[in-house]
Amino acid sequence: MGGVLPVGSVFIQLYFIFNSIWAHQIYYMFWFLFIVFLILVITCAETTILLCYFHLCSEDYHWWWRAYLSSGSTALYFFLYSIYFYAERLQMEGAASLFIFFGYTFIMAIYFFLLTGFVGFMSCFFFINKIYSVVKTD
């Protein structure tokens, strides 16, 4: 559930990136892609911190994998969008093109999972260190 908001922030750029890779169009807005990447990082961090805070408020302190997976679930929506893109936008035929497209897209989704999961985990880690460093125990 935590991946809906981050993938919503980069949804339009995914269309342009897939078009440049698979439809042989030129992608020339790299400065805008960098801004969208920063928005993705910020959105992943804020979403994961919020979900982690809700779990900490309910006294559930098992946040390590949940922080990684909630932010990393963005890759699932990325892969679902690639299925939509293949079915609706591309006119590829044959099993070879199907395997090439989904093979490369699955590799991109794994890298996307690792990136967004790392961002979510590290932001949650620094957030928890910050809030527990101000707690005074006497």
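Here is what the cut-offs are and how they apply
Residues numbered from 1 in each chain as written. Predicted model: local features only at pLDDT ≥ 70, side-chain atom pairs only at ≥ 80, totals over all residues. Heavy atoms only, no water. Disulfide = S-S within 2.5 Å. Helix = DSSP H or I, 4+ residues; strand = E, 2+ residues; numbered from the N terminus. Polar contact = N/O pair within 3.5 Å; in protein donor to acceptor, adjacent residues only side chain to side chain. Contact = heavy atoms within 4.5 Å. Expected span 1.5 Å × (residues − 1). Buried < 20%, exposed > 50% of the residue type's maximum accessible area, 1.4 Å probe, protein only. Axes fitted to C-alpha atoms, helices over the stretch in contact; angles between N-to-C directions. Parallel < 35°, antiparallel > 145°, perpendicular 65-115°, else oblique. Left-handed = near helix turned anticlockwise from the far one by under 90°. Salt bridge = Lys/Arg side-chain N within 4 Å of Asp/Glu carboxyl O. Phe/Tyr/Trp six-rings, centres within 6.5 Å; stacked < 30°, edge-to-face > 60°. Core = buried A, V, L, I, M, F, W, Y, C linked by side-chain atoms within 4.5 Å.

Trainee: Looking at this model, I keep getting lost on the state of the cysteines. Mind explaining?
Mentor: In a disulfide, the sulfur atoms of two cysteines are held together by a covalent bond. Applying the stated criterion across every chain yields a total of zero disulfides. For Cys44, which is in no disulfide, the shortest distance to another cysteine sulfur is to Cys124 and amounts to 13 Å. Of the cysteine sulfurs around Cys57, a residue in no disulfide, the closest is that of Cys52, at 9.7 Å.

Trainee: Mind showing me how you'd approach the side chain of Thr74 here?
Mentor: Tracing the chain through its elements places Thr74 in helix H5 (residues 74-88). A distance of 2.9 Å separates a polar side-chain atom of Thr74 from the backbone oxygen of Ser71. Leave out the neighbours within four places in its chain, and Thr74 touches Gly3, Pro6, Val7, Cys44, Phe112 and Thr116.

Trainee: Where do I start with helix H3 (residues 30-57) in this structure?
Mentor: Since one α-helical turn is 3.6 residues long, residues separated by three or four positions face the same way. In a regular helix each residue adds 1.5 Å, so 28 residues correspond to 40 Å; H3 covers 40 Å between its end C-alpha atoms and thus fits that length. Within the sequence span of H3, burial applies to Val36, Leu40, Thr43, Cys44, Ala45, Thr47, Thr48, Cys52 and Leu56.

Trainee: I keep staring at the packing of helix H2 (residues 11-22) against H5 and nothing clicks. Help me out?
Mentor: The angle between the axes and the distance between the axes are what describe a pair of packed helices. Interhelical geometry of H2 versus H5 gives an angle of 55° and a closest axis separation of 11 Å. On the basis of the axis angle, H2 is oblique to H5. Where H2 crosses over H5, the two elements pack in a sense that is right-handed. Listed contacts from H5 to Phe11, Leu14, Tyr15, Phe18 and Asn19 of H2 are Phe78, Tyr81, Ser82 and Phe85.

Trainee: Mind showing me how you'd approach the pattern of salt bridges here?
Mentor: Proximity of charged atoms lets side chains of opposite charge pair with each other. Summed over all chains, the structure comprises one salt bridge. In this structure, Asp60 and Arg66 form a salt bridge, with 2.6 Å as the shortest nitrogen-oxygen distance. For Arg66, a relative accessible area of 36% translates into the label partly exposed.

Trainee: So what exactly am I meant to see when it comes to the packing of H5 against helix H6 (residues 95-133) here?
Mentor: Across the interface, H5 lies against H6 with an axial gap of 8 Å and an inter-helix angle of 155°. Taken together, the axes of H5 and H6 are roughly antiparallel relative to one another. Classified by chirality, the crossing of H6 by H5 is right-handed. Of the residues in H6, those in contact with Thr74, Ala75, Phe78, Phe79, Ser82, Ile83, Phe85 and Tyr86 of H5 are Ser97, Leu98, Phe101, Phe102, Thr105, Phe106, Met108, Ala109, Phe112, Phe113 and Thr116.

Trainee: Help me understand the packing of aromatic side chains, please; the structure alone is not making it clear to me.
Mentor: When we look at a pair of aromatic rings, we describe it by the centre distance and by the angle of the planes. This structure, assessed with the given rule, holds 29 aromatic pairs. On the basis of an interplanar angle of 85° and a centroid distance of 6.1 Å, the ring pair of Phe79 and Phe106 is categorised as edge-to-face. Residue Phe79 is located in helix H5, and its partner Phe106 is located in helix H6; the two are separated by 27 residues in the primary sequence. Of the residues examined, Phe79 reaches a relative accessible area of 22% and is grouped as partly exposed. Owing to a relative accessible area of 47%, Phe106 belongs among the partly exposed residues under this scheme.

Trainee: It is not clear to me how the nonpolar core should be interpreted in this structure. Could you clarify?
Mentor: Where a protein is soluble and globular, its nonpolar side chains tend to be buried together. Within the largest apolar cluster, 19 residues are counted, with the highest numbers of intra-cluster contacts made by Val10, Leu14, Phe18, Phe78, Phe85, Leu90 and Phe101. Looking at this core, the elements that each hand over two or more residues are H2, H3, H5 and H6. For Phe101, the residues in contact, after removing those within four places along its chain, are Trp22, Ser82, Phe85, Tyr86 and Leu90.

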